[in-house]
Every structure is written in structure tokens, then in C-alpha cells.
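Close look at the chain arrangement
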Amino acid sequence: MRRLGVACSLVCAVVVVGCSGAAKSTRLTMGDLDDTTAVMAQKLADSRLLADRTPESPRMLIAINKVENLTSDLIPESEEWLLMERVKGSLPILNLGKERNMAFVIPANHLRAGRKRGNLPQGFAMERRPTHEMTATFHSGTRSSRKDRTDAYLVEYRITDLETGTLEWNETFEFKRAAAGLAYD
Amino acid sequence: MEWRRAGITWIAAGAVALAAGCQGRRLDANLMAAADAGRYGQPRVALQKNLSDNPSDRSYILDRLRLLILTLADGQPDAAEEVANQTFRLLRTQGLNADRTAVSVVLNEDLKIWKGEPFEQALGYTYIALQKAERGEWDNSRAAANASLFLLKSFGDNERGEEMTNIELARRAAEEDARAGEGAGDRYINKGYTPVKTNFVLGYLLNGVANKALGRSDEASDNFNEAVIVRPELKPVADALDRAVYNTVLVVDFGRGPSKVTTGPDDAFSRFAINTPSDAAPLSVSVSGGSAPVSQAAQAQDINRMAASLMWNNLEDVRQAKSVVGSGLLIGGLAVAGTGRSRDTQLAGVGLALTGLLMKATSHADTRYAEFLPQRVYVVPVNITQPDATVRLEVAGVPQSLMVLTGLAPPDAGGVQMRYVKLNTSGPQSWAASGQVLYGNEEFTGRVDGDTLPYVLGGRDVSPPSPEAMQRYQQAGWLTDMTVVDLENVYRDEGIALSTEDARGQSRAHVLEGGDSLVTPLGGTAGYARLFGQLHPPYMPRSKDVRELVKRLREQADGSN
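Residues numbered from 1 in each chain as written. Chains lettered and ligands numbered in written order. Predicted model: local features only at pLDDT ≥ 70, side-chain atom pairs only at ≥ 80, totals over all residues.

Here the focus is the overall build of chain A. Across its full length, chain A carries 6 helices and 6 strands. In chain A, 69% of the contacts between residues at least 6 apart in sequence involve partners at least 24 apart. (Helix = DSSP H or I, 4+ residues; strand = E, 2+ residues; numbered from the N terminus. Contact = placed C-beta atoms within 7 Å.)

In C-alpha cells, the structure reads:
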């Protein structure tokens, strides 16, 4: 009697277990990206590069490019742009625009794509002459064993003077993610 | 007593229902035949329609990998963006089946979410790398190619000095159990291997190409060197990729990859049965409108060999076989039934035996596999210097493999472009060898007979509406009372997607093949050659307005003749 119950339970457990699942990954999460852009926006707002500027400083026009992804994870192109746009569009940076006489211009890639599609007005962005470029690179290093994996991420944002090639600002941000479970399974 | 019988019946019915319900989705033979003949439109639309949004669906990854390969073969990398990202996300998830392992060992391995054998996973990553590269996302291509270069498990050689088979490994594990007690065999399977660097040449080459495109020359050279260490005959290709002048890389699939079948006692083991035999035939390459640094490219990857190697096997069938082939539960159950003193004990024994029988009957190796993988892959650099260039590809000694790629142009801004080409597996196809472009399209700068009127209005132009296309139509005397927006509305009336965004990022068939998409495939792909290298039946308008417009245009044509 008891054994029959055990047999029933075994099959029941097997059926229930067969319908559930849990998984882990060291991939970048939206939370990681949120943290990264928030930290970088604040670091840029607090930077010497901007602190030394006044409304009378020469106009700083910054072009952005999408993030360069040198991690072991995919960052979809839309997110690569988002990671730059969110730093650009963050509140501290917007407030500083007038006080520091700085502005951002449309990315060259977007301009090229718009012109190719033929949906930009005649003469659009003819006066676009960026003085600086903001870029970012995501790196990662991986350690893995049979059942565990850790990815350490290093994010670097930079602003470069396009005329002199001087690196005028750069900051890094690090975090790591760990996961357990058989990689092949 | 009655309920006991009912309990046993319930166990039996439950297990059988579970087994029946767990059959993986098999591909329709017609879809396979269509894909073999290079007609990718119909199968990819069918796959898109049946795609499950539930990541715990057992075929979630498999269906996406199938769709990814065919969408790339059809030259539509943008339409593959979502499935590529979703495939990567789950391939990179560890322990996806952790909660299903027990059930799969006891009952049926195909209860698990299909993640593929390690060689299928590595190839899955490379198709994602190709999709990213075709979109010009070389950084993401590098990430995906890197992911394909995971460590492999080596259990060493057998007594004959050859790599062990899965059945030999299971036997050794059973011997370990017998020698050192229950559990020793599992320990041997789980820990008795040496992690070794991968021999996945295709992954090294794609990683090298991506790094080269990113300007990371040292990392590129390292990867090309690794490829040559594994396959010395690839040195000319690797040297060309590392140093020669090229702006286009072709990754060329040929043949049908091996099919996964069950084998061994109780069909508990799996093996891959060869469809297209392996050989050493190189790929002949010639370019019109450019040059080929390597005219005879050696094979980069032989999938038959990968599939046959224990290192590229996840050993799940070995674990399952170890638990089933011994039939401990079955034997134990019958023993209890035979020796039990009470009717309860006997009945319980019969229950266990029945469960064991059912497990034995339903247990078998998982035979789901990625059907659209090739037998072999070539990687070929070419330098395209003129628009509308053509590239002729043919596997040496296999005339029916001939494909003439059309619509190739140098990449924008002096960069590097990637093209994935799937050569036909079955029979010669006239379009594959035609080398012609018979319909005007946005990837082709030359003129085509009939390109002065859109295909949907009776002509032979399938360019999306644009000022340039409109000018061409109007200069020929057509659509003189229409604007670009009017023409866009004609397409909208017909329910035709003008862009991948219009198609909500999904894989849809082209209007030339009876579909509802006007998205032009990438030049230099099999999809482009098939769509534009042969004539298609005239378009049948769906809306009343467009039918009337076509009628007016016919009357205009009759009046001018």
C-alpha cells in the first residue's frame, strides 16, 4: 500500500518537476545598465572637465557614438545607443548644458542613416561641427568552472577633443555577475 | 482494492500521456525538402508562425535556431535580430534544465528544453555571430563567436588509440560502478575528463574576422593562428583573412548535416547518422567585379566529424543509458512482486514493475536536432570593387552545388561586410546558376527590363517607394499623377510591409513568392539569387483600388501601343 503510494508520488513528482525550471546567467541585466548610466552621468556632471567651464567658455559640441561591446555578452545595437543617450539625457547633464555652454549633436551614424532613407529636410544638420566625441567601451573577463561562472565587467566612458585628440575625461565603473549551473545543460 | 487498480492504471496512463505529450516538434518533410532546394521563404514563414513565446517551451531554442539559419540563408539578417538575441539569451543560461534532469533520466530525455549537443550550441553561436556581422555589429559578432569557443571535455582514447565512443564511455562508467560501488560511474562521467581547448575552427575564424573588423589585429591574428593549428590546410585562407586585401567575407554552408538517431540497447544512446558524406573537396571561388585572394578554399569545419566526437557530445544519453540499460527498477520491481508475502506488497511490486516497464518503454535518447545545419562550412575572403559584382562558388567535383551570387557591392565607408551563403543540398536549381538579376531592386544599380513599373502594378521593379524609383517610373510615362506617398499607400492597401519594422521584425515571405514583404534580401546571398535570378508569376492584387489601378495601367499600355 505504502509502496504504491511511493510509486504514485514518484510519477507525480516527475510530472511536476518536468513542468518547472530555474536558470541563471552572467549576462548583463537592465539593472546593470541602469546603474552604469546613472553612475556615469553623475561622474560626468561632477567632472573637472565641466567644473572648469562657464557660460562664456568656448562652445563644446559633443557627438556621441554607440557603445563598443568587448564583453562576452551581446548588447543589442539599440541598447548600445541607449547607454549613451541616457548619459546624455540625464538630468544633471541637461541642467549643466547652459551653465557650461555645452550641447550634444546628432550622431553621425543617425545622420547618415537619415540621409540614406531620404527623410531628412534639405540642409539638415549642415552646421553640425562637433568639437568633442563621447565614446564608451564595455569589457569583460570570464572565469568558469564545471558548474560556476563569473563575469567581471569593466565599463569605460571617454570624452575626446576632436581637434587635438586629447582625452579630456574618462571614468570607469566595475561590477560582476556570477551564475551556477551546467553551461551545456 | 479498486482504487489500487485505479492507481496503477493512473500511473500507466500518466506516464504514457507524458511520453506522448513530450514528443518534440518534428519538422514537416515538405519544409525540409523546400529548404534542401533553397526555397527558404515557405519554411521560415511556417517556423515564424509556430514560434512559441514561452522560454520554457521545450523547442524554444531549437525553433529559433531553425528560423535563424533559414532567415540568414534568405539574406534577411534584420528579420533575424529578435530570434538571434533570444537564442543567445537561453544558450548562455546555465542549468536551464537543472530541474528537468531527474525527470529526463528517469523517463525521457526529450522532456528537457532543447539546448542541443555542444557542437550544435557552438554552431548556434556562430549563426548569431553571422547575423550580427551581416548587420555590421562586429562587436556583438565577436561576443557571439567568442561564446562558441568554450572548453571541451576529453575522456582520452580507447584501447585502439581512438577517441572513445559514448557506448564505450557508458561501459567504463558501469565498470567503475562495479569496481568502486554505486555512484563511481557517475563520478567518472562528471569528473573523469580533462578540459581541453576547443578545436572549433569556424569559431576561431569568425572571432578573428570580427576582431580584424574592429581593428584588434593582435587578437585577430591569434585566432587565425589557432585555426591553422587545428587545420593546417586552412593556412592560405587564414593568411588571407589576416593580411590580404579584402572587404567581404563569405561564410558558405554546404550539404545536409547529420541526423540524430537512437542506437544501442533500448535505444538509450544517440548517434548522428551521416546525410552528406565528408570529403576534402575545396570550394572554388571566382569574382567578377573584384578579386578572390584564395581561389580554392579548404573546408573550415566538418559537422559530421564534430557530431561523431565524444568531446562535442553532452553525454546526457550516457547518463540516461546508465540508469536505464541496467534496468534495476524493472528487475527490482519484478523481484518484489514475486517474493512479496502480502497482496499489498505484490501489488506494489507489480506497480513498480509497471512503472519500470513504462520507463523502459518511454526512455530513449533525445533525437531532436538542428536539421538545417550543414555538413561543412567554408570561409572565403573576397574583395568587391564594383557595384553589381558577382561571385561564383562551387564545391570542387559537385557541379550541382554551383551558385552565382549577384547584387554584391563594396561595403559603405570602406569597412568589411559579411555574407552567409547556403548552397543547395538537393539537385541543380536554375536560379542558382543564372547569375542574372531579373527584377529591379535597391541592391542592384543596373537596369532591368520592366523596372519602370512596380511589380505589384504589372512591372518588374521591387524597390521600396523612393524619389529615385518614382522618377524612374515617371520618366517612362507611368504613375505620372502619383507621389511617393501615394505609392506607399498602394503597398499599404495590399498589406505589404515596406521594411523589417513594418513586418514587426518578423520573417515574412517576399511579394515575388506570394508573400507580403518588399524587404530586399542582402545582395550576395542565396535568398537574393533565388528571388531575382528567376521569373515569378505576375502579382495578383488583393485590394479593389489596386486592381482598378492595374486595369487603368493596362489600358494606358494598350493605348500607347
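Still to come is the rest of the account.
In terms of helices and strands, chain B carries 22 helices and 13 strands. Taking all 561 residues of chain B together, 50% fall into the buried category. Counting contacts in chain B only where the partners sit at least 6 residues apart, residues at least 24 apart contribute 69% of the total. (Buried ≥ 20, exposed ≤ 12 C-beta atoms within 10 Å, placed from the backbone.)

Let's shift gears to the sheet that holds strand β8 (residues 296-297) of chain B. Across the sheet, which stays open at both edges, the 4 strands sit in the order β8-β6-β11-β12 (chain B) with antiparallel pairing between neighbours. Edge positions in the open sheet fall to β8 and β12 (403-408) of chain B, since each of these has one partner strand only. (Pairing = 2+ DSSP bridges.)

Here the focus is the environment of B:A432. Residue and element names in this part refer to chain B. Of note, A432 is situated in helix α18 (residues 430-434). Along the sequence, A432 and G533 sit 101 residues apart, while their C-alpha atoms lie 7.3 Å from each other. The residues contacting A432, other than those within four sequence positions of it, are G38, L402, M403, N424 and A529.

Another aspect to go through is the pairing of strand β6 (residues 167-180) of chain A. All names here are of chain A. Here 13 bridges tie strand β5 (residues 148-161) to β6, and the two strands are oriented antiparallel to one another. Residue E156 lies in a different strand from β6, and its bridge partner there is T172. The hairpin formed by β5 and β6 contains 5 residues between the paired strands, and G165 there has a positive phi angle of roughly 75 degrees.

Moving on to the environment of B:E316. All names here are of chain B. Position of E316 relative to the elements: it lies in helix α15 (residues 316-325). Residue E316 is classed as buried on the basis of its 22 C-beta neighbours within 10 Å. Through-space distance from the C-alpha of E316 to that of I189 is 10.0 Å; in sequence the pair is 127 residues apart.

The next point concerns helix α5 (residues 81-91) of chain B. Along α5(B), the positions that sit buried rather than exposed are B:E81, B:V83, B:A84, B:T87, B:F88 and B:L91. As for α5(B), its buried residues are in contact with α4 (60-73), α7 (118-134) and α8 (138-147) of chain B.

Residue and element names in this part refer to chain B. Where burial is concerned, most of strand β11 (residues 389-395) is hidden: 6 out of the 7 residues are buried. Where strand β6 (residues 283-288) meets β11, 6 bridges bridge the pair, whose relative direction is antiparallel. Residue L283 lies in a different strand from β11, and its bridge partner there is V395. Where β11 lies against β12, 4 bridges are found, and the strand directions are antiparallel. Bridge pairing links V391 to L405 in β12.

With that settled, consider the environment of B:V519. All names here are of chain B. Mapped onto the elements, V519 comes out in the loop between α20 (484-493) and α21 (526-532). Each C-alpha atom, one on V519 and one on P464, is 7.7 Å from the other, the two residues being 55 residues apart in sequence. Once you skip the residues sitting within four places of it in the chain, V519 turns out to touch Q76, A497, S499, T500 and A503.

Glancing now at the nonpolar core. All names here are of chain B. Counting 151 residues, the largest nonpolar core has L205, V252 and V380 as its most contacted members. For this core, the leading source of residues is α4, giving 10 residues. If we skip the residues at most four places from it in the chain, L205 touches A227, L241, A300 and V379. In terms of nonpolar packing, the next biggest core, distinct from the first, is built from 11 residues, L169, A170, F269 and V318 among them. (Core = buried A, V, L, I, M, F, W, Y, C linked by C-beta atoms within 7 Å.)

Residues and elements named next belong to chain B. Here the phi dihedral of L479 falls at roughly 50 degrees; this positive angle occurs in a residue that is not glycine. The residue R504 is not glycine, and still its phi comes out positive at about 55 degrees. Relative to the assigned elements, R504 resides in the loop between α20 and α21. According to the C-beta neighbour criterion, R504 is exposed, with 10 such atoms within 10 Å.

In this section: α7(B). Along an α-helix, residues three or four apart share an orientation, since each turn contains 3.6 residues. The terminal C-alpha atoms of α7(B), which comprises 17 residues, lie 24 Å apart, in line with the 24 Å expected from a rise of 1.5 Å per residue. Where α7(B) terminates, the next one or two residues include B:G136, which has phi positive at roughly 80 degrees. (Expected span 1.5 Å × (residues − 1).)

All names here are of chain B. Look at helix α3 (residues 41-49) against α4: their axes get within 9 Å of each other, and the N-to-C directions meet at 150 degrees. As far as their axial angle goes, α4 and α3 are roughly antiparallel. Here α3 and α4 pass one another in a crossing that is left-handed. Of the residues in α4, those touching α3 at P43, R44, L47 and Q48 are D63, R66, L67, L70 and T71. The residue makeup of the contact of α3 with α4, split by class, is 4 nonpolar, 2 polar and 3 charged. (Axes fitted to C-alpha atoms, helices over the stretch in contact; angles between N-to-C directions. Parallel < 35°, antiparallel > 145°, perpendicular 65-115°, else oblique. Left-handed = near helix turned anticlockwise from the far one by under 90°. Nonpolar A, V, L, I, M, F, W, Y, C, P; charged D, E, K, R; others polar.)

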